[in-house]
Structures are given as structure tokens and as C-alpha cells.
Amino acid sequence: MTLTINHFINGAESAGEGTSTRPVYNPATGQISAELRLANEADLNTTVAAAKKAAGSWGDISLAKRTAVLFKFRELVAAHVDELAELITAEHGKVLSDAKGEIGRGLEVIEFACGIPQLLKGDYSDQVSTGIDVFSFREPLGVVAGITPFNFPVMVPLWMAPMAIATGNAFILKPSERDPSASMLLAQLWKRAGLPDGVFQVLHGGKETVDGLLTHPDVDGISFVGSTPIAQYVHETATKHGKRVQALGGAKNHAIVMPDADLDNAADHLAAAAFGSAGERCMAISVAVAVGDAADLIVKKVEERALAVKVKNGTEPDAEMGPVITPASKERIVKIVTEAETAGAAMVVDGRDLVVPGHEDGFWVGPTVIDHVTAEMTAYTEEIFGPVLVVVRVADLDEGIRLINSNPYGNGTAIFTSSGANARKFQRSVTVGMVGINVPLPVPVAYHSFGGWKNSLFGDKHIYGPEGVSFYTRGKVITSRWPEPTHASGASYNFPSN
């Protein structure tokens, strides 16, 4: 019998009232592994009502009690890394080691959120005017929702939920329909950690559910990670309905390779950053910008590494790369690669026809390297979201920086160089939110914040870290005066100033 995946509403698994379902696949085999129940309007309203009720009490609970729940949740997630990783690999396809890696980065955010008593400390100014003090603190928004993508079914929800819950909000997770099982285990772990019912809920659904969250009057904030067109839609729709929004969009991440770089080191990292997780990362390096004499050498070295990648079912111990998420993803990737070839780009490594023995029905695309790509080709202009590295050749660092800055995306970028002067010029000149110096995937640690510029972010707050605390709270300033009974009131029609 096919497994049925339900919602998690008000502290319990629930089938809800919706009758629509969607199949969940194992990308390595192409087989259906489960049926996912999709919410209807009644399910949405039930979930939001439970969240609103829970937010009222959870926001008043002491920081000590909130922190105790967070510490317990962190302990439980750490104890269930293997189980979570298996769920990720079974529905996403990434290799187990990569799945465990994303859980590790999620754990870092939980650990940061455990310090919420320090993070929510306010400010106090004594005697700003005679007998008057001013102090400020931050309060939770209320009900917030997270709409998360398929590529990180544990890490991205953990970028959001611990921060939202630590700051006193109730959180509704709308995960991707493609790999929903890990979110259900996270819900069970929150409950076991002692989180009150309704503070963390999981609601599965498609566009109808997303639109319901974006427009529901009792939802106060929306966090989103996904493609740029949808991020823009989420931002415009939710802000129109009075909600605070952080919407992280797509990317086209470049890595400049200078002639003075350690080219073996650069090739190792380019291959890992382009082909890890089958390229299905918003921080994947998809464009190598080869400068001058470095071009021929770096292309050859990346070719050798691409051909050596072990592409297998992610459950196999030596697997380095798994399948892409759906047949539609494979078809789109192959189409873009073919268009580049037709337009005159050079196919260095071609992964379009990869077959994995024993898994012939899986959604496979092998590591692909395309040289002599120009800025007009769709392989450059489109976010491919697959294991494809395109190489654009430039004459010098300045031309490389101009190329990056003219791109509409501004998520992540990197430079490989042994020159401090080149690195400093690069980091100060690129119009990109996250920059790596000899680091291909510059994802900030949990106590900084993650977010890009330009078409990679809609809204003014980055995710997790200090900006995450700010996003999920709003400031309140108190001006206080306690006059002694024997003193005159000091009332005035002017602003007090002394």
C-alpha cells in the first residue's frame, strides 16, 4: 500500500478536509513512494486559527521556558540526523552525506536561536529628561509562515522556524510537495521537545494554499525561498495584504578564476560547487569566469574532475552525486544545454544521456561542462538548477567584475586568487550579497545573515542571524515618568526637553 503523508495541525497529524493528493517520487528510481494530501481552504483556516490562538500564549511565555524547548529540540534533531537524512535522500535524491550536511547547517541556526535571551535584550536610557526614562524592546509579530523549496527540505525550514519560534511567534510551514516527509518528522520533534500545540504546524498544498497564506488576515509575516518570479509574486501579493515579507529568489553565481590562483584547488572546489547536490542549490557555482591564461588550464582540470564524479543512488556509500528532482527538471536542463551547443558553445563534458545501471527510470543528468559560453546564451541567462558549469572567458579582473555586476542576480559569488589586492578589489566592487574569497559557497554561519541583492532578494531583511531576529519581531519604545506625589505635574504644551 502507498504511504499517505498528512498534515501536522495543532499538535497532531491530520488528514484534513481536502481530498486532493499528489504523488511523491523517489528520483533515483522514478517510482512513486507516497501520496501527499493537499490542504483546502478549510484546512488553511483551521491551521491559521490554531496558530493565532497559540501565538497569544507562546509570545507571553518566559524566555527561559522558550530556551528550554529550543535546547531540547536541538538535542532531538541531532539524535535523528540519520533518519532525517534518509528521508531527504529518498525524496530529493541527494547523497546521504550531503543530506547530513544540510541538517548540520540547520542545527547551527537552532544553536543560534538558543541564545534568544541575549538576542532580545532591549535598550534603556535613564533620565532623558527630568524624571523621564526611555526603554525599548521587541515583540513577536504573531503568526508567521514559511514557504520552502525542495532543494533543502530540512535546512531551509530550520533557517526560519527556530528564529520565529524563539522570538515568540507561531510558525506555519508550507514545504515543497516534492519532498515533504522530513518536515513531518521535524514537527514530531518539536512536539517531543515540549513546544505547545499550534506553535509549529505543517500544511501541505499547492498554489491555492500559498495564496491563502499570502492573503489571510491573521498571518502577519511570510518567509519564502524559491525562484525569482515566484519570490517577486510572493513579495508583491503579501505586502499588498499588509504582511512583512522576506522572499529569497534565484541566482546565477559566478566564480572568477585568476591566473595566479592555485588551479588544482580551484578546480576541486568548482566541481564540488557546481555538481554537489546535482547543482540544485541557490548557492551553486554555475558560471566559471576564466581570466586570461587561466582559461585553458582550468577547463581541462574541471573536465577531469567532472568525468570522475560518482553519480549513483544517493544511498550508496561512495555516491557523490544523485539525480535531479523531477523528469521536468531533467527535460529543462537538457533543453538549455542543447541550446548552448546549437548556439556555438563547446561541449567539454556532456551529461545529457547519462544512464545509471539498475536505475534506468531515475531522473539522471550527469556533470556537464560547457566552454566558450557568451552572456547572450540561455545557458548563461537562465538559472539552470542542475549539474551544469558554464565557462565564460574574460581578459582581466575588471571585465569579470563588469560581467557579474551586469547580471540581474546578486546572490553569491567567489574569486580564486593568491593576490590580496585582487581579492580586496573584488569584494568591494561586486554588487552581490555574499562573497567568497577562495571559498566557492559563501553561505554565512548562523550568527551572520543569509541573503543576496538585486533579483535574488525581495524585501529588506535577510534570513536567520541578527536580521532574522529583526524580521520576526517589531520594536516598541516606552517613555516612562513616575512623578512623586508632592511634585507638580510639569505638564506643558511643548515637547519636554530638560
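To keep things clear, this report deals only with the structure shown in the data block. (Residues numbered from 1 in each chain as written. Predicted model: local features only at pLDDT ≥ 70, side-chain atom pairs only at ≥ 80, totals over all residues. Heavy atoms only, no water.)

### As for the sheet that holds strand E19 (residues 412–416)
Quick note on the threshold: We call two strands paired when DSSP finds no fewer than two bridges between them. Only DSSP runs of H or I with at least four residues qualify as helices, and only runs of E with at least two residues qualify as strands; both kinds are numbered from the N terminus onward. For helices, the axis comes from a line fit to the C-alpha atoms of the stretch in contact; other axes are also lines fit to C-alpha atoms, and the angle between any two N-to-C directions lies between 0 and 180 degrees. What makes two residues a contact is simply this: any of their non-hydrogen atoms within 4.5 Å.
Pairing is mixed in the open sheet, where seven strands are placed in the order E15-E16-E17-E14-E13-E19-E20. The sheet terminates laterally at strand E15 (346–349) and strand E20 (434–437), the two strands that pair on one side only. Strand-to-strand twist across the sheet, computed as the mean angle between neighbouring axes with direction ignored, equals 20 degrees. Relative to strand E14 (residues 285–291), strand E13 (residues 253–257) is paired through five bridges, and the arrangement is parallel. Across the sheet, Val257 pairs through a bridge with Ala290, a residue of E14. Packed on one face of the sheet, helix H14 (residues 397–406) meets E13, E14, strand E17 (388–394) and E19 and runs near 180 degrees to E13.

### Brief notes about the nonpolar core
The condition is simple: To form a nonpolar core, buried Ala, Val, Leu, Ile, Met, Phe, Trp, Tyr and Cys residues must be joined to one another through side-chain atoms within 4.5 Å. Accessible area is worked out with a 1.4 Å probe on protein chains only. A residue is then buried under 20% of its type maximum, exposed over 50%, and partly exposed in between.
Core analysis: the largest hydrophobic core is formed by 68 residues, its most contacted members being Phe171 and Phe200. When residues in this core are grouped by element, the largest group, ten residues, is from helix H6 (residues 155–166). If we skip the residues at most four places from it in the chain, Phe171 touches Val144, Ala145, Gly146, Met160, Ala161, Ala164, Ile165, Val199, Phe200, Gln201 and Tyr472. Formed by 64 residues, the second largest nonpolar core is a distinct cluster that contains Ala274, Val299, Val391 and Leu403.

### Here we look at the packing of helix H3 (residues 81–92) against helix H7 (residues 181–192)
Basically, it comes down to this: With respect to orientation, any angle under 35 degrees is reported as roughly parallel, any angle over 145 as roughly antiparallel, any angle of 65 to 115 as roughly perpendicular, and every other angle as oblique.
Two elements in contact, H3 and H7, have axes whose closest approach is 8 Å; the angle formed by their N-to-C orientations is 160 degrees. Considering their axes alone, H3 and H7 lie roughly antiparallel with respect to each other. In contact with Glu83, Leu84, Leu87, Ile88 and Glu91 of H3, H7 contributes Ser181, Ala182, Leu185 and Leu186.

### Some points on the environment of Arg74
Summarising the element assignment, Arg74 is placed in helix H2 (residues 63–79). Using a relative accessible area of 28% as the deciding quantity, one classes Arg74 as partly exposed. Other than its neighbours up to four places away in sequence, Arg74 contacts Leu107, Ile110 and Glu111.

### Digging into unusual backbone geometry
A positive phi angle is found at Asn10, which is not glycine, with a value near 55 degrees. Following the sequence through the fold, Asn10 ends up in the loop between strand E2 (7–9) and strand E3 (12–14). Given the relative accessible area of 40%, Asn10 is considered partly exposed. The phi dihedral of Phe385 is positive, around 60 degrees, even though this residue is not glycine. Mapping Phe385 onto the fold places it in the loop between helix H13 (378–381) and E17.

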